[in-house]
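Take a look at the letters that make up each chain.
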Amino acid sequence: MTTWRPHPHIRVVAIGLHCRDGRLLAAEVRDDAGRIKGVRPLGGEIKFGESWRAALVREFYEELGIDITITGEPSMMENIFMHEGATGHEVMFVAEVAFPDGAFSGQDRIDFREDNGEQIVARWFDLADLDGAGGPSLYPTGLKDLLLGRKKTST
């Protein structure tokens with residue numbers, strides 16, 4: 001198993017929010033012992049000279065082999081976090097994305113590999129099950145409040 005540590009510099013990343021039947025697609029985040037400690041929407045680092053939009057499309061293509069459509073303007077978040085005793089710091093573009101018709105329909109989970117070879121499992125999670133007693137945390141911290149705020153303004 002690969003042990004991951006945050007980068008020792010500020011990273012600029014883009015993550016995509018994709019929901020199916022009211023459930024958010026997120027990848028499992030594991031500790032060094034392999035236990036699930038949380039989940040995080042898919043996406044990744046923006047390369048120098050690349051727009052956040054291009055990065056988000058590229059990341060989904062690299063990870064899942066699909067061409068997504070970005071369906072709205074991004075929210076911005078700053079994410080300062082600890083993972084296995086190391087501090088990470090990210091500035092994040094967070095945007096809703098749509099999948100091509102039929103992509104992953106009928107699948108409860110999606111398995112893929114990161115660039116470093118790490119095996120990742122992504123599943124659809126009910127927001128009510130995240131950040132609660134006994135459920136995994138939703139990363140970045142504060143994303144659940146952002147998502148719940150979006151729901152309230154769109155109804």
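Structure's up top.
Given the structure is predicted, the values throughout are model-derived calculations rather than measurements.

**Q** Explanation requested: the overall build of the chain in the structure shown.
**A** From N to C terminus, the chain includes two helices and eleven strands. Listing the helices and strands of the chain from first to last along the sequence gives β-β-β-β-β-α-β-β-β-β-β-β-α. In terms of C-alpha radius of gyration, the chain reaches 15 Å, essentially the compact-globule figure of 15 Å for 155 residues. Projected onto its principal axes, the C-alpha positions of the chain cover 40 × 40 × 30 Å. For the chain, the proportion of its 155 residues judged to be buried stands at 41%.

**Q** Even after reading the chapter, I still don't get the pairing of strand E1 (residues 10-17), so can you show me in this structure?
**A** For a regular strand, the rule is simple: side chains alternate between the two faces of the sheet. Counting buried residues along E1, six of its eight residues qualify, which places the element largely inside the surrounding structure. In the sheet, E1 pairs with strand E8 (residues 86-98) via eight bridges, with the strands oriented parallel. Paired with Ile10 across the strands is His89, a residue of E8. In this sheet, strand E5 (residues 43-45) lies alongside E1 in antiparallel orientation, the contact comprising three bridges. Bridge assignment links Ala14 to a residue of E5, and that residue is Gly44.

**Q** Is there a simple way to think about the pattern of salt bridges in this case?
**A** When the charged atoms of two side chains with opposite charge come close together, those side chains can pair. By the definition in use, this model includes ten salt bridges. Arg123 is paired through a salt bridge with Glu28; the nearest N and O atoms lie 3.1 Å apart. Of this pair, Arg123 sits in strand E10 (residues 119-126) while Glu28 sits in strand E3 (residues 23-30), placing them 95 residues apart in sequence. For Arg123, a relative accessible area of 29% translates into the label partly exposed. Here the salt bridges share partners, and the residues they tie into one network are Arg11, Arg40, Glu45 and Glu90.

**Q** Just to check I follow, could you spell out the side chain of Glu63 for this structure?
**A** On the secondary structure map, Glu63 appears in helix H1 (residues 52-64). Put simply, Glu63 is tucked away with no salt bridge, and the nearest opposite charge, on Arg58, sits 7.6 Å away.

**Q** Please explain the packing of aromatic side chains as it appears in this structure.
**A** The geometry of an aromatic ring pair is captured by two quantities: the separation of the ring centres and the angle between the planes. Here the structure, examined in full by the defined rule, presents three aromatic pairs. Centre to centre, the rings of Trp52 and Phe93 are 5.7 Å apart; their planes meet at 5°, and the pair counts as stacked. Placement of Trp52 in helix H1 and of Phe93 in strand E8 is noted, with a sequence separation of 41 residues between them. You'll find Trp52 and Phe93 in the same group, each marked buried. Summarising the aromatic geometry, the rings of Phe60 and Phe99 are spaced 6.0 Å apart at their centres and angled 70° between planes, so their arrangement reads as edge-to-face. In this pair, Phe60 sits in helix H1 while Phe99 sits in the loop between E8 and strand E9 (109-113), placing the two residues 39 residues apart along the sequence. You can call Phe60 buried: its relative accessible area is 1%.

What counts and what doesn't
- Residues numbered from 1 in each chain as written.
- Predicted model: local features only at pLDDT ≥ 70, side-chain atom pairs only at ≥ 80, totals over all residues.
- Heavy atoms only, no water.
- Helix = DSSP H or I, 4+ residues; strand = E, 2+ residues; numbered from the N terminus.
- Rg over C-alpha atoms; globule rule 2.2 N^0.38 Å.
- Buried < 20%, exposed > 50% of the residue type's maximum accessible area, 1.4 Å probe, protein only.
- Pairing = 2+ DSSP bridges.
- Salt bridge = Lys/Arg side-chain N within 4 Å of Asp/Glu carboxyl O.
- Lys, Arg positive; Asp, Glu negative; His and termini not counted.
- Phe/Tyr/Trp six-rings, centres within 6.5 Å; stacked < 30°, edge-to-face > 60°.

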